[in-house]
Amino acid sequence: MADCDSIHDNVKDYYGSVIQKNTDLQTNACNVAGSVKPPLSVRNAIASVHDEVVSTFYGCGLTIPSHVEGLRVLDLGSGTGMDCFAISKLVGENGSVVGVDMTDNQLAVAIKYVGYHTKEFGYSKKNVEFVKGYIEKLGEAGLQDNQFDLIVSNCVVNLSPDKKAVLKEAYRVLKPGGEMYFSDVYTNKVVPEHLQKDKMLWGECIAGAMTWQDLVSFAGEVGFATPRLVSSTTMEAGCEAVATPLKEAGIRFVSATYRLFKLTAGAPANRLEVNYLGNVTDYPDELPFDALAKFKKGCPVNVSGEVVQIVRQSRYSSAFTIKDAEECPVDPFKFLTTAQASSGGCCGPPKQAVSGGLLSPSTATSH
Ligand SMILES: C[S@@+](CC[C@H](N)C(=O)[O-])C[C@H]1O[C@@H](n2cnc3c(N)ncnc32)[C@H](O)[C@@H]1O
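Residues numbered from 1 in each chain as written. Predicted model: local features only at pLDDT ≥ 70, side-chain atom pairs only at ≥ 80, totals over all residues. Heavy atoms only, no water.

A. Summary view of the nonpolar core. The biggest cluster of nonpolar side chains holds 30 residues, and the ones touching the most others in it are Leu74, Leu76, Val100, Ile151, Met180, Phe182 and Phe224. Those elements that place two or more of their residues in this core are strand 1 (72-76), strand 2 (96-101), strand 4 (148-154), helix 7 (163-173), strand 5 (174-187), helix 10 (212-222) and strand 8 (253-261). Counting residues in hydrophobic clusters, the runner-up holds 28 residues, among them Val73, Met82, Cys84 and Val128. (Core = buried A, V, L, I, M, F, W, Y, C linked by side-chain atoms within 4.5 Å. Buried < 20%, exposed > 50% of the residue type's maximum accessible area, 1.4 Å probe, protein only. Helix = DSSP H or I, 4+ residues; strand = E, 2+ residues; numbered from the N terminus.)

B. Summary view of the packing of helix 7 against helix 10. For the pair helix 7 and helix 10, the least separation of the axes is 9 Å and the interaxial angle reads 40°. The angle between helix 7 and helix 10 places the two elements in the oblique class. In the packing of helix 7 onto helix 10, the handedness of the crossing is right-handed. Of helix 10, the residues touching helix 7 (which contributes Lys163, Lys164, Leu167, Lys168 and Tyr171) are Leu215, Phe218, Ala219, Glu221 and Val222. The residue inventory of the contact of helix 7 with helix 10, partitioned by class, reads 6 nonpolar, no polar and 4 charged. (Axes fitted to C-alpha atoms, helices over the stretch in contact; angles between N-to-C directions. Parallel < 35°, antiparallel > 145°, perpendicular 65-115°, else oblique. Left-handed = near helix turned anticlockwise from the far one by under 90°. Contact = heavy atoms within 4.5 Å. Nonpolar A, V, L, I, M, F, W, Y, C, P; charged D, E, K, R; others polar.)

C. Up close: the layout of surface pockets. By volume, the largest pocket is sized at about 600 Å³. Shared between two domains, the lining of the largest pocket takes at least three residues from each, and those domains are domain 1 (4-261) and domain 2 (266-367). (1 Å grid on protein atoms, 1.4 Å probe; cavity = no way out; pocket = protein on both sides within 12 Å on 5 of 7 lines; lining within 4 Å. Points joined across faces, edges and corners; volume = space filled by probe spheres on them. Domains from an automatic or database assignment.)

D. Representation of the site of the ligand. Close to the ligand lie 23 residues, the nearest being Tyr58, Gly77, Asp101, Thr103 and Glu136. Within the side chain of His8, an N or O atom sits 3.3 Å from a nitrogen atom of the ligand. Thr103 is positioned with one of its side-chain polar atoms (N or O) 2.5 Å from an oxygen atom of the ligand. When the free accessible area of the ligand is taken as 590 Å², the share hidden by the protein chains comes to 100%. By residue number, the principal contributor to the shell around the ligand is helix 1 (residues 4-18), which donates 3 residues. The class makeup of the residues in the shell around the ligand is 12 nonpolar, 9 polar and 2 charged. (Near = heavy atom within 4 Å. Polar contact = N/O pair within 3.5 Å; in protein donor to acceptor, adjacent residues only side chain to side chain. Areas by Shrake-Rupley, 256 points an atom, 1.4 Å probe, with all protein chains shown as cover.)

E. Structural view of empty space enclosed by the protein. What the rule picks out here adds up to 2 cavities of 30 Å³ or more. For the largest cavity, the lining is made up of 30 residues, of which Gly77, Gly79, Asp101, Val156 and Leu159 are closest to its centre. Looking at the lining of the largest cavity, the elements with two or more residues in it are helix 1, helix 4 (82-91) and strand 2. Of all the elements, helix 1 adds the most residues to the lining of the largest cavity, at 3 residues. The computed volume of the second largest cavity comes to approximately 60 Å³. Lining the second largest cavity are Arg259, Leu287, Pro288, Phe289, Phe295, Ile310, Val311, Ser314, Tyr316 and Phe320. Elements with a contribution of two residues or more to the lining of the second largest cavity: strand 10 (286-288) and helix 12 (305-313).

F. Structural context of the sheet that holds strand 9 (residues 272-276). The antiparallel open sheet is built from 3 strands, whose spatial order is 12-9-13. A strand with exactly one partner marks an edge of an open sheet, and here the two such strands are strand 12 (301-303) and strand 13 (320-324). Neighbour to neighbour, the strand axes of the sheet diverge by 35° on average, direction disregarded. Relative to strand 12, strand 9 runs antiparallel, the two sharing 3 bridges. Looking across to strand 12, one finds that Leu272 is bridged to Val303. In this fold helix 12 packs onto strand 9, strand 12 and strand 13, with an angle of close to 140° to the strand it touches most, strand 13. (Pairing = 2+ DSSP bridges.)

G. Just unusual backbone geometry, in detail. At Asn146, a residue that is not glycine, the phi angle is positive and equals roughly 50°. Examined against the element boundaries, Asn146 turns out to sit in the loop between strand 3 (128-132) and strand 4. On the basis of relative accessibility, which here comes to 41%, the residue Asn146 falls in the partly exposed class. A positive phi angle, close to 65°, is found at Cys155, a residue other than glycine. Among the structural elements, Cys155 can be located in the loop between strand 4 and helix 7.

Put into structure tokens, the structure is as follows:
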């Protein structure tokens with residue numbers, strides 16, 4: 001594609017006039033059902049969103065993480081507001097949501113339904129607002145440093161001509177300990193330039209998709225901790241005319257959700273033992289962390305230094321206790337006591353530290 005302005009203009013035209021509702025999409029890229037079943041509270045929040053907003057939802061995943069009560073949330077490329085309104089219900093009246101989008105028609109639908117949802121959720125005043133702007137230049141939209149606890153985005157970063165700028169801006173406006181939790185389309189190979197020039201393929205979230213390796217590089221370069229994959233779903237590039245040239249070029253796509261944490265600098269933490277307290281709403285027994293790791297209530301696990309920092313600095317800090325992990329050499333008497341206490345219990349066999357990862361007695365692992 002030629003330059004940033006023409007990409008922005010083409011995408012605005014695509015979402016502003018070419019398509020009117022999600023059934024107009026030519027591919028399923030911006031309309032993939034997530035692979036993770038959300039908890040009831042999230043399903044209820046989604047179900048309470050107005051029909052016109054639902055019919056113009058172009059997301060490719062579930063961008064609503066756990067533990068959002070009271071948070072200040074930013075949605076990058078909020079479209080007609082589907083995720084913003086659902087999150088507006090979940091954060092409660094003391095939380096707030098800001099949606100940023102560059103396309104007038106999308107914003108107009110979102111703004112039209114602010115009052116409806118405020119009333120629907122029984123709030124005395126609105127807790128969601130929509131702002132016109134580019135996600136690569138959040139400063140121009142008036143967003144200051146360190147303002148948000150959580151950033152979400154659903155099928156938008158791929159549409160940007162400058163993905164690193166988007167991540168850099170997201171990092172800037174997040175508070176320390178904050179998180180970017182977002183779904184997007186990723187490719188196994190860079191899409192050839194002649195296909196990138198196809199306005200429809202770009203608008204449908206295909207031609208602009210980055211590789212997951214690019215995401216890892218950009219995230220690290222702007223300061224985020226290692227991206228944590230939450231879920232991944234195969235994505236079909238729709239009709240023959242679209243699918244054939246891509247297949248011929250050996251290009252495949254997935255819709256994936258990642259979480260990126262903004263951690264404060266400082267000495268890297270040692271491996272330590274973290275113990276989930278079971279106090280996150282909807283997750284009394286087990287808290288999902290990413291695609292590989294879950295924390296079971298009351299089952300301490302030995303985690304990597306980076307996971308220790310995430311637990312310490314993020315909104316999850318009050319959901320865990322952290323203590324020194326067992327060091328080598330291990331006390332054989334203490335080991336026996338632990339083994340006896342945990343055999344047959346919820347935690348399974350005695351826990352052990354694994355180099356470079358997190359091993360819970362159940363399924364948890366990390367990188
Ligand atoms: C695929 S739609 C997704 C909309 C919404 N997240 C949803 O799930 O329904 C992409 C949206 O991102 C917006 N968008 C794309 N690139 C953008 C950019 N660089 N800055 C601001 N908004 C952008 C478009 O206007 C459009 O509303």
